[in-house]
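This is what each chain is made of:
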Amino acid sequence: MKFFKLLLVIVCFLFSMAYSNAQDLKPGFDKEEYRELIYIAAQSTESPEKAKTIPQPEHSKLIYRSKPIGLDNLWELWLKDGNTAVLCTRGTTEKSESWLANLYAAMTPAKGELKISNTDTFKYELSDNKNAAVHTGYLLSTAFISKEMVPKIDSCYKAGIKNFIIMGHSQGGGISYLLTAHFYNLQSKGVLPADIRFKTYCSAAPKPGNLYFAYDYENKTQNGWAYNVVSAVDWVPQTPFSVEMPDDLPVVSPVAMLEETIKKQSFFKRMFLNMVYGKLTNPSLKTVKTYQKLLGQEMAKRVQKILPEFVPPKFYNSNNYVRTGTTIVLYPNDNDENYYKKFPNDSKDLMIHHSFPPYLYLLDQLK
């Protein structure tokens, strides 16, 4: 391990010297920057057949590739333009444990501890908001990946690399949200240097958490330092399914006023209003309980078959998943015959609009 760290420092130093005139990382969405990141992500995420159609990265070199960890998670370290490290997380694979990371979709508080083994507990604070909650499967994946990423970030920093891009497509994008939030927190605590600059591209990513997590994430990454790139015909960014309940609203809201007004009514009026109020709110409450049972408790049992020492966390009583981050929409025109000829809606491939080729096609059309 010490030898590898030394080797990594030397490699990063040599590349940084070779590109000493390279520009620093800049805020704002950059089409060509995102294109290069797609080329990088395709190397580990895309199937071998489809990967042949994706160009090789033009300005980046692979420095490190992890072994599969956690729920078949994998990440890579690339060096782009000699002065920017790219931390790329792989998307979903065909293995069942990889799909478990997606399906383990009950919400967990964005601050707490996650026991992943008898000797390893992941302490995290992904948001300053006590009401923030995140996707449990992606949190578990973040626990495994960040344990490896942080030492590599430290090695790159010692070699003079202060610019880092966090990238992930599909499941990798969902995890990249949480990695970004985690690294910002580590910076605030002095674990990571304050002068490291992170920029994030979540590509075709599922929704990572609730509205309070989104607010906090967007507040910390605003002014051009984090993007969510989605295709308007891709179904994956619309998952997990969202259910909003009265408790998801802030403390100051019409709900509290309404409940207080009902309490002040006469007995029969109160009975009638409670019945109406219950019919409006009970369906969402029952749905969230069902999600917590099927996508929480049942999925946790399956995860424990793969990670027997894992202790499932307590769930946050919500399923209000929202789209997160500054969004770049890749929008296929209904009259674009070329697009639908290449990627037809009647295809039996469920990922026809989700893979890299359609994203690259639509990126070319983006003005």
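In the annotation of an unreviewed UniProt entry, the entry for the chain reads Lipase family protein, and the organism field reads Flavobacterium azizsancarii.

1. With respect to the environment of Phe 144
With respect to the helices and strands, the residue Phe 144 is situated in helix α5 (residues 136-158). Residues Phe 144 and Gly 70, spaced 74 residues apart in sequence, show a C-alpha to C-alpha distance of 5.8 Å. If near-sequence neighbours (up to four positions away) are discounted, Phe 144 is found in contact with Ile 69, Gly 70, Ile 116 and Leu 307.

2. Examining the layout of surface pockets
Reported here for the largest pocket is a volume of approximately 770 Å³. Taken together, 33 residues make up the lining of the largest pocket; nearest its centre are Thr 92, Trp 99, Asn 102, Ser 170 and Met 351. Contributing elements (two or more residues each) for the lining of the largest pocket: α2 (31-45), α4 (96-103) and α9 (267-306). Examining the composition of the lining of the largest pocket, we find that three residues originate from one element, α4, more than from any other. Grouping the amino acids of the lining of the largest pocket by side-chain chemistry returns 13 nonpolar, 15 polar and five charged.

3. A look at the sheet that holds strand β2 (residues 75-80)
Strand order in the open sheet formed by seven strands is β1-β2-β3-β8-β9-β11-β13, with mixed pairing between adjacent strands. With partners counted over all chains shown, the strands left at the sheet margins are β1 (60-65) and β13 (326-330), one partner each. Strand-to-strand twist of the sheet, defined as the mean angle between neighbouring strand axes without regard to direction, takes the value 20°. Pairing analysis gives five bridges linking β1 to β2, with the strands arranged antiparallel. Considered in β2, the bridge of Leu 62 is made with Trp 78. α2 rests against β1, β2, β3 (84-89), β8 (163-169), β9 (197-203) and β11 (226-231) of the sheet, and its axis sits at about 60° to β8.

4. Side note on the packing of helix α6 (residues 171-188) against helix α7 (residues 211-221)
For the pair α6 and α7, the least separation of the axes is 11 Å and the interaxial angle reads 60°. Here α6 lies oblique to α7, going by the angle between them. As α6 runs across α7, the sense of the crossing is left-handed. From α6, Tyr 177, Leu 178, Thr 180, Ala 181 and Tyr 184 reach across to α7, where they touch Phe 213, Tyr 217, Lys 220 and Thr 221. When its residues are assigned to classes, the contact of α6 with α7 shows six nonpolar, two polar and one charged.

5. Points about the environment of Phe 315
The topology assignment puts Phe 315 in the loop between α9 and β12 (321-322). Separated by 208 residues in sequence, Phe 315 and Met 107 have C-alpha atoms that sit 5.6 Å apart. Each residue touching Phe 315, except ones within four places of it in the same chain, is listed here: Tyr 104, Ala 106, Met 107, Thr 108, Pro 109, Thr 136, Gln 292, Gly 296 and Gln 297.

6. A look at α7
Residues of α7 that are buried include every one of Tyr 212, Phe 213, Ala 214, Asp 216, Tyr 217 and Thr 221, and no others. On its buried face, α7 sits against β7 (133-135), α6, β9, β10 (209-210), β11 and β12. Remark: Asn 223 follows α7 within two positions and exhibits a positive phi of approximately 70°.

7. Topic: the pattern of salt bridges
Enumeration according to the criterion identifies 13 salt bridges in this entry. Here Lys 147 makes a salt bridge to Asp 120, at a shortest N to O gap of 2.8 Å. Taken together, the positions of Lys 147 in helix α5 and Asp 120 in strand β6 (residues 120-125) put the pair 27 residues apart, joining distant regions of the chain. Classification of Asp 120 by relative accessible area gives buried; the value is 17%. Between Asp 154 and Lys 158 there is a salt bridge; the shortest N-O distance is 3.2 Å. One end of the pair, Asp 154, and the other, Lys 158, are both in helix α5, four residues apart, so they sit about a helical turn from each other. Note on Asp 154: relative accessible area 32%, which makes it partly exposed. Through salt bridges that share partners, Glu 32, Arg 35 and Asp 364 make up one connected network.

Here is what the cut-offs are and how they apply
- Residues numbered from 1 in each chain as written.
- Predicted model: local features only at pLDDT ≥ 70, side-chain atom pairs only at ≥ 80, totals over all residues.
- Heavy atoms only, no water.
- Helix = DSSP H or I, 4+ residues; strand = E, 2+ residues; numbered from the N terminus.
- Contact = heavy atoms within 4.5 Å.
- 1 Å grid on protein atoms, 1.4 Å probe; cavity = no way out; pocket = protein on both sides within 12 Å on 5 of 7 lines; lining within 4 Å.
- Points joined across faces, edges and corners; volume = space filled by probe spheres on them.
- Nonpolar A, V, L, I, M, F, W, Y, C, P; charged D, E, K, R; others polar.
- Pairing = 2+ DSSP bridges.
- Axes fitted to C-alpha atoms, helices over the stretch in contact; angles between N-to-C directions.
- Parallel < 35°, antiparallel > 145°, perpendicular 65-115°, else oblique.
- Left-handed = near helix turned anticlockwise from the far one by under 90°.
- Buried < 20%, exposed > 50% of the residue type's maximum accessible area, 1.4 Å probe, protein only.
- Salt bridge = Lys/Arg side-chain N within 4 Å of Asp/Glu carboxyl O.

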